[in-house]
Amino acid sequence: MKDDVTAVEIPLYELRRAIYPRAVHGWFAAWRWTLVWATQIVFYGGPWLQWNGRQAVLFDIAHRKFYIFGLVFWPQDIIYLTALLIISALSLFLFTAMAGRLWCGYACPQTVYTEIFLWVERKIEGDRNARMRLDSQPLTSNKFLLKAAKHGIWIAIALWTGFTFVGYFTPIKEFLASIVSFTPGPWEAFWALFYGFATYGNAGWMREQVCKYMCPYARFQSAMFDQDTMIITYDRVRGEPRGKGADKGDCVDCGICVQVCPTGIDIRDGLQYECIGCAACIDGCDQVMDKVGSPRGLIRYSTTNAMHMKLSGRETFRRMLRPRVLVYASILGGIVIAAAASLYLRVPLKVDVIRDRAAIAREVEGGLVENLYRLQIMNTTERARAFVIEVTGLPGIHIAGEPISGVPAASSRMVPVKVHALAYGTAPGSHPIEFHIRALGPDGAEVRESSVFIIR
């Protein structure tokens, strides 16, 4: 006789449960909105700033020049981009090892735009309970108008965000004029619409799904956490058992911590990878503690060791300064200082020497040998400059013709150069020489570039 077996189908994917974050006020919410304002003022305002008659921040990919206020970067300055990426990665490691997902909770674009879109949603549809009631109702004219107004504002914000994004790569005033005249370039239009669509979809529709499933940081953050990382924690000893009454803990089981969470988790179940560290649950719980007359801090920033060992604030901070953190901080500080020093000492002149391989060497009048070169002189300052070209390394070697060349502001110029050297007394073959390119003016920027001179 066979046993009855009941087949159970296990879904491969979890169906999305709609999350309606409740509005919360408090110290951490104020900091979060401060970061929202700060990041958006910088982002939206950056392309409109002017510097020396041009856009202050412009990544001109078409002409391979990046303008950042008074600095002009060329492809040869890729080392600074490398340093910036390394600094960003080490900063992320350091902040995560110290205090968890601070970036996610306060400055990540996904968090920032979700906050903005939620604010619009609350202003139009109301707070959590009102939005839940509205979504459960059948479609009426009032519901349609509210939804249309919300999505209209969302789309407007998203399109302006896409327009601003493209404004960092093409002059924003020219881009605006082309939009007004309905003549934007195809690539500019594509990226503005694509970035706007991504903003609208991620912040308006996907929200916590991006943080939970799309962002890789949520997956590998655990490798940077340990028992002395400052995270959002629930004081189980103080809070349990939950409920109201003399024999209960301080947690009244109101569920506010879950209602305000943008990812819909219950922090009382312990740290979860979905937690973005926004501290909304701390503000919500503190408000409830104030109402019931209990001390704040039932949910708070703390470390696992501090909770278990009942450490004081000073002891907790001392344990946080562990070898991992000190190594991250030391390496980060060293790279920042080195990059800053290199940028400060950066010579505003770059030269590439290219030998003319079509004519290796030829004899000219006066017993001289001539080699041809092309010097690409890059003037990284924002004023036109003249440069003196000199050469050393062989007896009688000199520049044939005019040794001074002018280069416009923030431009490069390919300068053909004829170099003559004495043929007699010098062995045939390849000989090292050095070009000296010096700027005329008070700063006298100078660059030395090596090459070879061939005598047959």
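Residues numbered from 1 in each chain as written. Predicted model: local features only at pLDDT ≥ 70, side-chain atom pairs only at ≥ 80, totals over all residues. Heavy atoms only, no water.

J.: How should a nonpolar patch on the surface be read in this particular structure?
T.: A cluster of nonpolar residues, Trp 48, Trp 160, Leu 176 and Val 180, forms a patch on the protein surface that exposes about 380 Å² of accessible area. Tracing the sequence through the fold places Trp 48 in the loop between α1 (27–45) and β1 (50–51). (Patch = residues over 30% accessible without salt bridge, like charges linked within 9 Å, V, L, I, M, F, W, Y side chains within 5 Å. Areas by Shrake-Rupley, 256 points an atom, 1.4 Å probe, with all protein chains shown as cover. Salt bridge = Lys/Arg side-chain N within 4 Å of Asp/Glu carboxyl O. Helix = DSSP H or I, 4+ residues; strand = E, 2+ residues; numbered from the N terminus.)

J.: Just checking my understanding: could you explain helix α6 (residues 141–166) for this structure?
T.: Since one α-helical turn is 3.6 residues long, residues separated by three or four positions face the same way. The end-to-end C-alpha separation of α6 is 37 Å, in line with the 38 Å expected for 26 residues at 1.5 Å each. For α6, the full list of buried residues reads Lys 143, Lys 147, Lys 150, His 151, Trp 154, Ala 158, Thr 161, Gly 162, Phe 163, Thr 164 and Val 166. (Expected span 1.5 Å × (residues − 1). Buried < 20%, exposed > 50% of the residue type's maximum accessible area, 1.4 Å probe, protein only.)

J.: I would appreciate a short explanation of the sheet that holds strand β16 (residues 446–455) in the present structure.
T.: The strands that make up a sheet are held in pairs by hydrogen bonds between backbone atoms, and each pair lies either parallel or antiparallel. Strand order across the open sheet formed by four strands is β13-β11-β15-β16, with antiparallel pairing between neighbours. Each edge of the open sheet carries a strand with a single partner, namely β13 (404–407) and β16. Within the sheet, the average angular offset between the axes of one strand and its neighbour, ignoring direction, is 30°. Relative to strand β15 (residues 429–439), strand β11 (residues 385–392) runs antiparallel, the two sharing six bridges. Bridge pairing in β15 places Glu 390 opposite His 436. (Pairing = 2+ DSSP bridges. Axes fitted to C-alpha atoms, helices over the stretch in contact; angles between N-to-C directions.)

J.: Help me understand the side chain of Thr 229, please; the structure alone is not making it clear to me.
T.: Mapped onto the elements of the fold, Thr 229 is located in the loop between α10 (217–220) and β6 (231–234). Residue Thr 229 is classed as buried on the basis of its relative accessible area of 1%. A polar side-chain atom of Thr 229 sits 3.1 Å from a polar atom in the side chain of Arg 322. Aside from chain neighbours lying at most four places away, what touches Thr 229 is Thr 96, Ala 97, Met 98, Ala 99, Gly 100, Met 224, Ser 302, Thr 303 and Arg 322. (Polar contact = N/O pair within 3.5 Å; in protein donor to acceptor, adjacent residues only side chain to side chain. Contact = heavy atoms within 4.5 Å.)

J.: Explanation requested: the pattern of salt bridges in the structure shown.
T.: Side chains that carry opposite charge are capable of pairing whenever their charged atoms lie near each other. Taken as a whole and judged by the stated rule, the model has 26 salt bridges. In this structure, Arg 346 engages Asp 77 in a salt bridge whose closest nitrogen and oxygen atoms are separated by 3.1 Å. Residue Arg 346 is found in the loop between α16 (323–344) and β8 (349–355), and its partner Asp 77 is found in the loop between β5 (71–73) and α2 (78–99); the two are separated by 269 residues along the sequence. Side by side, Arg 346 and Asp 77 carry an identical accessibility label, which is buried. Put simply, Asp 266 and Arg 268 hold a salt bridge, and the shortest N to O gap is 2.9 Å. What you see here is one network of salt bridges that share partners, running through Glu 121, Arg 122, Glu 125, Asp 127, Arg 131, Asp 135, Lys 147, Lys 150 and Arg 207.

J.: Hey, could you run me through the environment of Ala 203 in this one?
T.: With respect to the helices and strands, the residue Ala 203 is situated in helix α8 (residues 186–206). Since its relative accessible area comes to 2%, Ala 203 is described here as buried. Sequence-wise, Ala 203 and Tyr 113 are 90 residues apart; in three dimensions their C-alpha atoms are separated by 5.6 Å. Every residue in contact with Ala 203, bar those within four places of it in the chain, is listed here: Gln 110, Tyr 113, Thr 114 and Phe 117.

J.: When you look at the pairing of strand β14 (residues 411–422) in this model, what are you seeing that I'm missing?
T.: Along any regular strand, the residues point their side chains to alternate faces of the sheet. For strand β10 (residues 368–379) and β14, the ladder comprises twelve bridges, and the chain directions are antiparallel. Following the sheet pairing, Val 369 is matched in β14 by Ala 421. Where strand β12 (residues 398–400) and β14 come together, three bridges link them in antiparallel fashion. Among the inter-strand pairings, Ala 400 is bridged to a residue of β14, identified as Lys 418.

J.: What am I meant to see in the environment of Gly 429 here?
T.: Structurally, Gly 429 can be placed in strand β15. Relative accessible area serves as the criterion here: at 27%, Gly 429 is assigned to the partly exposed category. Here the alpha-carbon distance between Gly 429 and Ile 454, two residues 25 residues apart in the chain, equals 5.5 Å. Not counting chain neighbours up to four residues away, the residues in contact with Gly 429 comprise Phe 453, Ile 454 and Ile 455.

J.: Just to check I follow, could you spell out the packing of aromatic side chains for this structure?
T.: Aromatic ring pairs are defined here through the distance separating the ring centres and the angle between the ring planes. Applying the stated criterion to the full structure yields 23 aromatic pairs. Relative to Phe 169, the ring of Phe 59 has its centre 5.8 Å away and its plane inclined at 50°; by these criteria the two rings are tilted. Of this pair, Phe 59 sits in strand β3 (residues 57–60) while Phe 169 is found in the loop between α6 and α7 (172–180), placing the two residues 110 residues apart along the sequence. Note on Phe 59: relative accessible area 22%, which makes it partly exposed. The exposure class of Phe 169 is partly exposed, given its relative accessible area of 34%. With 6.0 Å between their ring centres and 90° between their planes, Trp 187 and Phe 190 make a pair best called edge-to-face. Placement of both Trp 187 and Phe 190 in helix α8 is noted, with a separation of three residues, approximately one turn of the helix. By way of ring pairs, the aromatic residues Phe 43, Tyr 44, Phe 59, Phe 66, Phe 165, Tyr 168, Phe 169 and Tyr 195 are connected into one cluster. (Phe/Tyr/Trp six-rings, centres within 6.5 Å; stacked < 30°, edge-to-face > 60°.)

J.: What am I meant to see in the sheet that holds strand β4 (residues 65–68) here?
T.: Pairing in this open sheet of three strands is antiparallel, and the strands run β3-β4-β5 from one edge to the other. Bordering the open sheet on either side are β3 and β5, each of which pairs with just one other strand. Direction aside, neighbouring strands of the sheet carry axes that sit 15° apart on average. Strand direction decides the pairing type here: β3 and β4, joined by four bridges, are antiparallel. For Leu 58, the partnering residue across the bridge sits in β4 and is Tyr 67.

J.: In this structure, what is going on with the nonpolar core? I would like to understand it.
T.: Side chains of a nonpolar character, in soluble globular proteins, are inclined to be buried together. Within the largest apolar cluster, 29 residues are counted, with the highest numbers of intra-cluster contacts made by Ile 232, Ile 267, Ala 279, Cys 281, Ile 282, Leu 298 and Ile 299. Those elements that provide at least two residues to this core are α3 (102–107), β6, α12 (256–259) and α13 (280–292). Considering each element in turn, this core owes the most residues, six residues, to α13. Beyond its immediate sequence surroundings of up to four residues, Ile 282 is in contact with Phe 28, Ile 232, Ile 299, Arg 300 and Tyr 301. (Core = buried A, V, L, I, M, F, W, Y, C linked by side-chain atoms within 4.5 Å.)

J.: When you look at the environment of Gly 46 in this model, what are you seeing that I'm missing?
T.: When you line up the elements, Gly 46 lands in the loop between α1 and β1. In the structure, Gly 46 is positioned 259 residues away from Asn 305 in sequence and 43 Å away in space, judged by C-alpha atoms. Setting aside residues no more than four positions away along its own chain, Gly 46 makes contact with Ile 41, Val 57 and Tyr 168.

On their own, these measurements won't tell you what the molecule is for.
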